Amino acid sequence: MRKKWIAMLLVVMVTAEGAPALTWAGETGTNVELPGMEEEEYVAAESGSCGDSVTYELDGEGTLVISGNGEMWENNSPFQGRYDIKKAVVEEGVTSIGNSMFSGCYMLTEISLPNSLTSIGNFAFCESSIKSLTIPEEVTSIGLGAFEDSDLIRISIPAKVASMDAPFRMCCDLSFIEVDKNNMNYSSQDGVLFDKSQSTLFCYPPKKAGESYGIAKSVKKIEDWAFLDCRSLKNIDIPEGLTEIGEGAFADCTHLRNVKLPKNMEKITDSIFSGCSSLEDISIPEHVASIGDSSFYDCISLKNIVLPTGVKQIGSYAFSDCINLKEVIIPQSVTRIREDAFCRCRSLTDISLPQKIEELEEEIFYECSSLCGIAIPENVKSIGYNAFAGCENLTDITLPESVTSIGSGAFGGCVKLESAVIPKGVERIETGIFANCSSLKKIEVAEENPNYCSPGGVLLDKEKETLINYPAAKSGSYKIPESVKNISESAFAGCSGLQEVILPEGVTEISWSAFFNCSSLKNIYIPASLTVLMPRAFDGCSSLEAFNVSEDNMAYRSQDGVLIQNDTDNLIKFPEGKGGSYRIPDSV
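> Help me get a handle on the overall build of the chain, residues and values and all.
Broken down by element type, the chain carries zero helices and 49 strands. Whereas a compact globule of 588 residues would reach a radius of gyration of roughly 25 Å, the chain reaches 32 Å, over 25% beyond that. Across its three principal directions, the C-alpha atoms of the chain cover 85 × 75 × 35 Å. Evaluated residue by residue, the chain yields a buried proportion of 50% over its 588 residues. Taking the intrachain contacts of the chain between residues at least 6 apart in sequence as the baseline, contacts between residues at least 24 apart amount to 26%. Across the chain, 48 positive and 84 negative side-chain charges occur, with their mean positions spaced 7 Å apart.

Structure, rendered in structure tokens:
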């Protein structure tokens, strides 16, 4: 089971002798001071209410006694997240355990429940350290995640329980679930939880022994998260009659290698195989129409995938972090691939996109560092934020005439990209689309484009008032056109060969990270017109020795080469290449 951190609200005080003291405030408002560390096991006595007619008392040993008649409060727990409760006794007369009542009580290891209890609320014992308990015979409902991430080893479900909602999710030590044979709604077989007819499998205990499991032919549905974190399973045999597998059904089954999906499945649900790090191969049934979000996330052993011809959509993060995935065959039927779908697929060298795709969503191929080339379909209208950022081996990209929008950082960090052409139909370009493209020598904009231009291979808006991107491979000195008023975010980012930039008097704003990592830039002149200098504008300029500011600038000044804001006297930036010692002025 994962390590649990115990949150403690302690105030460290210094006593007259200099020794630390611990102070804790109980619900009653009484402070108990614990001088020195030798008293750290002490727990203050406390009393209060946890229901309209239900009260509690907590003694100095960490034993909580709850008494009264009727229900506990549904959503107002005085115990949630407490570290000082070790044992709880709920006396006769109490009929419910409220939502999250003991959630996060990491030290709670033992609880006694009364025969009068009829319901256990959502997340009631979530993240507690209870290993075993007896559920009373009168209980009829057990809420969502009631025992989630607790230390339960074995549990028995009494006859009257009529409803449960994934109560044992993330119970990593659970090895056996037993259901009373007289229960009309649920049953168990070899410690596995089913509905009464065994047509739905609800929960396979994560610590159940065995490397293989054959699902009974009577099962038509596997519920959400049913096999979550079953790390011992290597093989699961699914019958052909099964038609539905729920969200996250096999998530984090880290040793699962082989699974054959039934041919009648129509959907790969969200997170179904997320974290199945040993899964090497899987065949997607031909009737599947959609691949869910995070369905194969972090399946690091998966090497290839063939999607059937009926698939229309690939969900967000569907194959994200599949670092050994080399080949994906996407059918022409696919009309949408959502954000981050192939993010960090670092072994993917080539991929063919279907022609019906109209949008390459944000980070769709982010950090696919082996991707060498890709043909963008003729119907694509927009390229999202960071869509190809970090594709270090991408040497060429051709944007079709259909493209109208390019998101920020779309090709950032594509260090082998040498040139780029912006087609005539592009209406919107966000910041830093080619930031840190260290091999980029020029950016070309189609002459017919009414919104942008590229004098000297530099990307500007058509009016030449905003400088959007300067090719990072260009070196030496650059004089910014006199018409420029704004320098965009990351406009010069990664221009390591740039030694000098001449800013015109008309510049009013330099945006975030505008000159980030311009490591050869030695001096910069700030004109009188500049009124806005955003943070990190000159971060990483390791050779920058001084800021020179016009005497007529009302917003900033240079003092011994250091940039200072006039109205606040704040020190804005110390030149990273300035050597020797420096004393911060008293006025700062």
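> Explain the pattern of salt bridges to me, using residue names and the numbers behind them.
According to the stated counting rule, one finds 24 salt bridges in the structure shown. Here Glu 46 makes a salt bridge to Arg 82, at a shortest N to O gap of 2.6 Å. Linking Glu 46 in strand β4 (residues 46–51) with Arg 82 in the loop between β6 (63–68) and β7 (87–90), this pair joins segments that are 36 residues apart in sequence. A salt bridge links Glu 211 to Lys 234; its shortest N-O distance comes to 3.7 Å. Of this pair, Glu 211 sits in the loop between β17 (200–203) and β18 (212–214) while Lys 234 is found in the loop between β19 (221–222) and β20 (235–237), placing the two residues 23 residues apart along the sequence. What makes Glu 211 partly exposed here is its relative accessible area of 46%. Given the relative accessible area of 25%, Lys 234 is considered partly exposed.

> Tell me about the sheet that holds strand β48 (residues 562–565), and name the residues and values.
Spatial ordering of the open sheet is given by β47-β48-β49, a layout of three strands whose pairing is antiparallel. The open sheet has two free edges, formed respectively by β47 (556–559) and β49 (571–573), since each of these has just one partner strand. For this sheet the average axis-to-axis angle between neighbouring strands, irrespective of direction, equals 40°. Across four bridges, β47 lies against β48 in antiparallel orientation. Along β48, the bridge assignment pairs Arg 557 with Ile 564.

> Which residues make up the side chain of Ser 529, and what values go with them?
Of note, Ser 529 is situated in the loop between β44 (523–526) and β45 (532–533). Under the relative-accessibility criterion, Ser 529 is labelled buried at 18%. Those residues in contact with Ser 529 that lie beyond four places of it in its chain are Pro 504, Glu 505, Gly 506, Val 507 and Thr 508.

> I'd like to hear about the nonpolar core, residue by residue, with values.
Formed by 88 residues in total, the largest nonpolar core has its most connected members in Phe 227, Phe 250, Phe 273, Phe 296, Phe 319 and Phe 388. Within the residue set of this core, elements represented by two or more residues are β16 (192–195), β34 (419–422) and β36 (442–445). With residues near it in sequence (within four places) discarded, Phe 296 still touches Ile 268, Phe 273, Leu 279, Ile 282, Ile 284, Ile 291, Leu 302, Ala 318, Phe 319, Ser 320 and Cys 322. Counting residues in each nonpolar core, the second largest holds 43 residues, with Ile 85, Ile 155, Met 164 and Leu 193 among its members.

> Kindly report on the packing of aromatic side chains, identifying the contributing residues and their values.
Inspection of every chain in the model, using the stated rule, returns 25 aromatic pairs. Ring centres 5.5 Å apart and planes at 10° place the aromatic pair Phe 79 and Phe 102 in the stacked group. Here Phe 102 lies in the loop between β8 (96–97) and β9 (110–112) and Phe 79 lies in the loop between β6 and β7, a separation of 23 residues in the sequence. Of the two residues, Phe 79 and Phe 102, neither departs from the other in class, the shared state being buried.

> Explain a negative patch on the surface residue by residue, including any values.
Taken together, Glu 378, Glu 401, Glu 447 and Glu 448 make up a surface patch of like negative charges. Mapped onto the fold, Glu 447 is located in the loop between β36 and β37 (452–453). According to the relative accessible area criterion, Glu 447 is exposed, its value standing at 75%.

> Lay out the side chain of Ser 96 with the relevant residues and their values.
Mapped onto the elements of the fold, Ser 96 is located in strand β8. In terms of polar contacts, Ser 96 uses its side chain to reach the backbone amide nitrogen of Met 72, at 3.1 Å. Apart from residues lying up to four places away in sequence, Ser 96 is in contact with Gly 70, Glu 71, Met 72, Leu 117 and Ser 119.

> Summarise unusual backbone geometry; cite the residues concerned and give the values.
The backbone phi angle of Asp 321 is positive, close to 65°, even though this residue is not glycine. Tracing the backbone through its elements, the reader meets Asp 321 in the loop between β26 (313–314) and β27 (327–329). Looking at Asp 321, the relative accessible area reads 12%, which means it is buried. Residues other than glycine seldom take positive phi values, yet Asp 569 does so here, at roughly 60°.

> For the pairing of β6, give the residues involved together with the corresponding values.
Relative to β6, strand β5 (residues 54–58) runs antiparallel, the two sharing five bridges. The partner of Val 54 across the bridge, within β6, is Gly 68. Counting the residues between successive antiparallel strands, the hairpin from β5 to β6 contains four residues, one of them, Gly 62, with a positive phi of roughly 90°.

> Now, about the environment of Pro 585: what can you tell me, with residues and values included?
Examined against the element boundaries, Pro 585 turns out to sit in the segment after β49. Separated by 26 residues in the primary sequence, Pro 585 and Gln 559 have C-alpha atoms spaced 8.9 Å apart.

> Account for the environment of Gly 121, naming residues and giving values.
Relative to the elements of secondary structure, Gly 121 occurs in the loop between β10 (119–120) and β11 (141–142). For Gly 121 and Asn 99, which are 22 residues apart along the polypeptide, the C-alpha to C-alpha distance reads 4.4 Å.

> Explain the confidence of the model for the chain residue by residue, including any values.
When pLDDT is averaged along the chain, the result is 91; 93% of the residues meet or exceed 70. Mean pLDDT per element in the chain: strand β1 (residues 11–14) is the minimum at 31, and β16 is the maximum at 98. Residue range residues 1–40 is modelled with pLDDT below 50. Its contacts to residues more than four positions away, or to other chains, number 70 contacts.

> So what about the state of the cysteines? Which residues, and what values?
Applying the stated criterion across every chain yields a total of zero disulfides. In this model Cys 345 remains outside any disulfide bridge; the closest cysteine sulfur is found in Cys 368, 5.2 Å from its own.

> Give a description of the sheet that holds strand β21 (residues 244–245) that names residues and reports values.
Pairing is mixed across the open sheet formed by five strands, whose spatial order is β15-β16-β17-β19-β21. Pairing within the sheet leaves two strands with one partner each, and these edge strands are β15 (186–189) and β21. Of the strand pairs in this sheet, β17 and β19 are connected by two bridges, and their pairing is parallel. Paired with Leu 201 across the bridge in β19 is Ile 222.

> Tell me about the environment of Ser 347, and please be specific about residues and values.
Among the secondary structure elements, Ser 347 is positioned in the loop between β28 (336–337) and β29 (350–352). Separated by 33 residues in the primary sequence, Ser 347 and Ile 314 have C-alpha atoms spaced 19 Å apart. Excluding residues within four positions of it along the chain, Ser 347 makes contact with Ile 323, Asn 324, Leu 325, Lys 326 and Ser 370. Among the polar contacts made by the side chain of Ser 347, one reaches the main-chain carbonyl oxygen of Ile 323 at a distance of 2.6 Å.

Scoring rules and cut-offs
- Residues numbered from 1 in each chain as written.
- Predicted model: local features only at pLDDT ≥ 70, side-chain atom pairs only at ≥ 80, totals over all residues.
- Heavy atoms only, no water.
- Helix = DSSP H or I, 4+ residues; strand = E, 2+ residues; numbered from the N terminus.
- Rg over C-alpha atoms; globule rule 2.2 N^0.38 Å.
- Buried < 20%, exposed > 50% of the residue type's maximum accessible area, 1.4 Å probe, protein only.
- Contact = heavy atoms within 4.5 Å.
- Lys, Arg positive; Asp, Glu negative; His and termini not counted.
- Charge placed at Lys NZ, Arg CZ, Asp CG, Glu CD.
- Salt bridge = Lys/Arg side-chain N within 4 Å of Asp/Glu carboxyl O.
- Pairing = 2+ DSSP bridges.
- Axes fitted to C-alpha atoms, helices over the stretch in contact; angles between N-to-C directions.
- Core = buried A, V, L, I, M, F, W, Y, C linked by side-chain atoms within 4.5 Å.
- Phe/Tyr/Trp six-rings, centres within 6.5 Å; stacked < 30°, edge-to-face > 60°.
- Patch = residues over 30% accessible without salt bridge, like charges linked within 9 Å, V, L, I, M, F, W, Y side chains within 5 Å.
- Areas by Shrake-Rupley, 256 points an atom, 1.4 Å probe, with all protein chains shown as cover.
- Polar contact = N/O pair within 3.5 Å; in protein donor to acceptor, adjacent residues only side chain to side chain.
- pLDDT = per-residue confidence, 0-100.
- Disulfide = S-S within 2.5 Å.

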